[in-house]
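Residue-level listing of the chains:
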Amino acid sequence: FNTQLFAKLVTRPVTIKLQGIYGQNLTHFTMIGGYGASQDPTLVDDYGYTNLNTMSVWSEIHTNGQKVVFGIFGGYSANLGSYDQYYSLKYARNEDIAYIFRVSPRAELKSGKVNFVLEYMITGAAYATEYTPKHRPTDWDKPTINNRIIIGARYNF
């Protein structure tokens, strides 16, 4: 299952967006997730399965200028473990990540049908080092950080 909530508020000076997702085995959204065995596969031949639970939230705020737009995006996603005992079968995406985040401020210049964008992106992933028996991370390393600057041009027709 997955549950999603989205909200958007548009005012004259700014637009604010917010989305939250909570669900199980959210790999089809390219998120942390998947499933594992609910019993030890080395001891039980006909074992059941249990899903990894994941939550994710993001928000974006940007100005609504005609020529210049400033904005900032922020997002966070976490591995919440499973409801049952979890044994890894490697049928999961990033089951070793405790949480990931991204923050991206940007500036956009509009000139007729052409837009120029400058964006700075910082992304981090904290890899889990300890888990509960239900695979919920209880300890993790310092986040591995990636910094990126993006310069873009877009022609609208």
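Computed from a predicted structure; not experimentally measured.

A. Representation of the sheet that holds strand β3 (residues 33-37) in the model. Pairing is antiparallel in the open sheet, where 3 strands are placed in the order β4-β3-β7. Each end of this open sheet is capped by a strand with a single partner; those strands are β4 (49-51) and β7 (87-93). The average angle at which neighbouring strand axes cross in this sheet is 25°, direction not considered.

B. Structural view of the layout of surface pockets. Put simply, the largest pocket is a space of about 420 Å³. Ser56, Gly75, Ser77, Ile100 and Arg102 are the residues nearest the centre of the largest pocket, which is lined by 22 residues in total. Those elements that provide at least two residues to the lining of the largest pocket are β5 (53-63), β6 (68-79), β8 (97-111), β9 (114-131) and β11 (144-155). Element by element, the count of residues in the lining of the largest pocket is highest for β6, at 4 residues. Of the residues belonging to the lining of the largest pocket, the class tally is 11 nonpolar, 9 polar and 2 charged.

C. A look at unusual backbone geometry. Located in the positive-phi region is Asn25, a residue other than glycine, with phi close to 50°. Note on placement: Asn25 falls in the loop between β2 (14-24) and β3. Of note in this structure, His135 is not a glycine but carries a positive phi near 65°. Here His135 lies in the loop between β9 and β10 (137-140).

Reading the values: the criteria
- Residues numbered from 1 in each chain as written.
- Predicted model: local features only at pLDDT ≥ 70, side-chain atom pairs only at ≥ 80, totals over all residues.
- Heavy atoms only, no water.
- Pairing = 2+ DSSP bridges.
- Helix = DSSP H or I, 4+ residues; strand = E, 2+ residues; numbered from the N terminus.
- Axes fitted to C-alpha atoms, helices over the stretch in contact; angles between N-to-C directions.
- 1 Å grid on protein atoms, 1.4 Å probe; cavity = no way out; pocket = protein on both sides within 12 Å on 5 of 7 lines; lining within 4 Å.
- Points joined across faces, edges and corners; volume = space filled by probe spheres on them.
- Nonpolar A, V, L, I, M, F, W, Y, C, P; charged D, E, K, R; others polar.

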